[in-house]
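Residue-level structure breakdown
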Amino acid sequence: MTKVIKNGTIVTADLTYKADVLIEDGVITEIGTGLSGDEELDATGCYVMPGGIDPHTHLEMPFMGTYSSDDFESGTRAGLAGGTTMVVDFALPNPGESLLDALKRWDNKSTRANCDYSFHMAVTWWGEQVFDDMKTVVETRGINTFKHFMAYKGALMVNDDEMYASFQRLAELGGIAMVHAENGDVVAELSAKLLAEGNTGPEAHAYSRPPQVEGEATNRAIMIADMAGVPLYVVHTSCEESHEAIRRARMQGKRVWGEPLIQHLTLDDSEYMNADWDHAARRVMSPPFRNKQHQDSLWAGLQSGSLSVVATDHCAFTTEQKRYGVGDFTKIPNGTGGLEDRMPMLWTHGVATGRLTPNEFVAVTSTNIAKILNCYPKKGAVLVGADADLVVWDPEKTKVISAGTQQSAIDYNVFEGHEVKGLPRYTLTRGQVAVVDGEIKTQEGHGKFVEREANTVVNKALSTWKELTAPRPVDRSGIPATGV
Ligand code: URP
Ligand code: ZN
Ligand code: ZN
Ligand code: ZN
């Protein structure tokens, strides 16, 4: 049984051309003109692009006394509705838990996925067991990315000595270090001070995490990664201070990537000043939304290439869950949704405004991610032999985003009321049509785990520090043998 996508314009990260795409057994088998198949999907007036890859999700994640409300079923259904065909979720070990046991929990949860997925491994504590497990995770589980939380003191945070040890281990194994870059010690101090002064509302969350805490942590992580000789991926880059550190590192030849979120690109910190407590609390996430200058910096980074990918950090909590923090903003579960809206929002605010070309859109939503995470060209490509994870994108199709029509399990949407122009006509996951003009045809359990091997080529990243400070013998033959 073959399928053919006909009459569309293929858009990849570097090419735009008219051609049909033939699909068999879930992979692309031919690209050309005048192709025919058992089933035809009409792409007239549409772009045929690699499906989106969201490199940063938290589905059914235990966090801040609860679980994020979208699981692998609703989360991937939401993703497919918006043109995303692969998600990469974070497996989080409990303190003292082996990495492999944590992965078993994520394996169990992900059996319900509607599209393909992979995992990043979080390093939430440090010890011999973690050191040993890391090798098994890389070599037998196909996971080459390890995240370190520099924030959430007393919960997920790791200290600099632990981070340096972990980064060195990753350099040996051919892994990539990831960081949530915020200075957790300063955040804890600021939070306690704000609360003591009677600032209990959601707006205080933003005051407790100013851009400086992110900029400091990003700089620190970059330097530690350089000393360890490991490539670094900075998740949810939200401000100029952090972007500036990444930009500088890249100009120095360091392998550092920055990941802005669609939320930070399109929503600003005025959301926290809304008089409605629920409105503001629903937007509490870390890092918080920033002002327009920071947003401009992030857009400039995507345009110039100093920032590489756009993600969501999808971590959705219901209003009821957010209300755990009434009277104490530090208890509001941190996180926002975005899986269904990332691609349409980025198209609307990026491509339709002229900030990004369609090819750049493909790069930052799919191809760059697949390359960094080492699953290209299985994913992120329209090439013969690639998985048929595709989106037939209608640039004229519009809708107004609304919680009432979304796939996510939560009761609101942070983009509520935004009109988007640019939506999937079809979304295909490994050749299976999962969405037709907004109609959901997903199949629970269709998704498969995507193995990602160590990337030893990228891992030869330069360590500028090692060269400068390698011990060198000094001739001290003229100095007396004893100090007497
Ligand atoms: O607020 C956020 N970002 N919640 C999810 C966990 C994380 O920090 O990525
Ligand atoms: Zn984070
Ligand atoms: Zn996250
Ligand atoms: Zn908008």
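In what follows, the accompanying structure is described. In this text, all values refer to a predicted model and were calculated from it rather than measured experimentally.

Focus on the sheet that holds strand β18 (residues 419–429)
- As summarised here, the arrangement of the seven strands in space is β3-β2-β7-β17-β18-β19-β20, forming an open sheet in which the pairing is mixed. The open sheet is flanked by β3 (16–18) and β20 (439–440), the only strands paired with a single partner.
- Against the sheet, helix α13 (residues 342–351) contacts β7 (47–50), β17 (390–400) and β18, and its axis sits at roughly 135 degrees relative to β18.

Considerations on the pairing of β7
- One ladder, built from two bridges, connects strand β2 (residues 9–11) with β7; its direction is parallel. Its bridge partner lying in β7, Thr-9 is registered against Tyr-47.

Some points on the coordination of the zinc ion (ligand 3)
- Distances from the zinc ion (ligand 3) to its protein donors, His-56 (NE2), His-58 (NE2) and Asp-313 (OD), fall within 1.9 to 2.2 Å.
- Taken together, the four donor atoms coordinating the zinc ion (ligand 3) span angles of 83 to 139 degrees at the metal, a pattern that classifies the geometry as irregular.
- Going along the chain, you hit the donors of the zinc ion (ligand 3) in the pattern H-x1-H-x254-D.
- The metal-metal distance between the zinc ion (ligand 3) and the zinc ion (ligand 2) is 3.6 Å.
- The exposure class assigned to His-58 is buried, which follows from its relative accessible area of 4%.

Description of the pairing of strand β1 (residues 2–6)
- Along β1, five of the five residues are buried, which leaves the element largely enclosed by surrounding structure.
- Because side chains alternate across β1, one face comprises the buried residues Thr-2, Val-4 and Lys-6, and the other comprises Lys-3 and Ile-5, equally buried.
- Of the strand pairs in this sheet, β1 and strand β6 (residues 39–42) are connected by four bridges, and their pairing is parallel. Residue Ile-5 lies in a different strand from β6, and its bridge partner there is Leu-41.

Concerning the coordination of the zinc ion (ligand 2)
- Protein coordination at the zinc ion (ligand 2): the donors are His-180 (ND1) and His-236 (NE2), at 2.1 Å from the metal.
- Coordination geometry of the zinc ion (ligand 2): the four donor atoms subtend angles of 57 to 145 degrees at the metal centre, consistent with an arrangement described as irregular.

Some words on the pattern of salt bridges
- Tallied over the entire structure, the rule returns 32 salt bridges.
- For Asp-268, the salt bridge goes to Lys-292, with nearest N and O atoms at 2.8 Å. Here Lys-292 lies in helix α11 (residues 292–304) and Asp-268 lies in the loop between α9 (262–266) and α10 (277–282), a separation of 24 residues in the sequence.
- Look at Asp-268 and you get buried, because its relative accessible area is 13%.
- Among the ionic pairs, Lys-378 bridges to Asp-387, the shortest N-O distance being 3.0 Å.
- Residue classification places Asp-387 among the buried residues on the basis of a relative accessible area of 6%.
- One network of salt bridges, in which partners are shared, links Asp-116, Lys-378, Lys-379, Asp-387, Asp-389 and Arg-430.

Things to note about the nonpolar core
- By size, the foremost hydrophobic cluster in this structure holds 110 residues, and its most contacted members are Met-121, Phe-146, Phe-167, Val-179, Leu-232, Leu-346 and Phe-361.
- The dominant element in this core, judged by the number of residues it contributes, is helix α14 (residues 358–373), at seven residues.
- In this structure, Met-121 is in contact with Ala-91, Pro-93, Leu-99, Ala-102, Leu-103, Val-137, Ile-143, Thr-145, Phe-146 and Lys-147, ignoring residues within four places of it in sequence.
- Grouped together as the second largest cluster of nonpolar side chains are 19 residues, Ile-5, Ile-28, Ala-43 and Ala-381 included.

Considerations on the site of ligand 1
- Taken together, 13 residues sit near ligand 1, with Tyr-152, His-180, Ser-286, Asp-313 and Asn-334 positioned nearest.
- Between ligand 1 and His-58, the relevant distance is 3.1 Å, taken from an oxygen atom to a side-chain nitrogen or oxygen of the residue.
- Between ligand 1 and Ser-286 there is a distance of 2.8 Å, counted from an oxygen atom to a backbone nitrogen or oxygen.
- Notes on ligand 1: free accessible area 270 Å², of which the protein chains cover 100%.
- Residue classes in the shell around ligand 1 are distributed as four nonpolar, seven polar and two charged.

Parameters at a glance
Residues numbered from 1 in each chain as written. Chains lettered and ligands numbered in written order. Predicted model: local features only at pLDDT ≥ 70, side-chain atom pairs only at ≥ 80, totals over all residues. Heavy atoms only, no water. Pairing = 2+ DSSP bridges. Helix = DSSP H or I, 4+ residues; strand = E, 2+ residues; numbered from the N terminus. Contact = heavy atoms within 4.5 Å. Axes fitted to C-alpha atoms, helices over the stretch in contact; angles between N-to-C directions. Donors = N, O, S within 2.8 Å, 3.2 Å for Na, K, Ca; no water. Tetrahedral: all angles 85-135°; square planar, octahedral: opposite > 155°, others 65-115°. Buried < 20%, exposed > 50% of the residue type's maximum accessible area, 1.4 Å probe, protein only. Salt bridge = Lys/Arg side-chain N within 4 Å of Asp/Glu carboxyl O. Core = buried A, V, L, I, M, F, W, Y, C linked by side-chain atoms within 4.5 Å. Near = heavy atom within 4 Å. Polar contact = N/O pair within 3.5 Å; in protein donor to acceptor, adjacent residues only side chain to side chain. Areas by Shrake-Rupley, 256 points an atom, 1.4 Å probe, with all protein chains shown as cover. Nonpolar A, V, L, I, M, F, W, Y, C, P; charged D, E, K, R; others polar.

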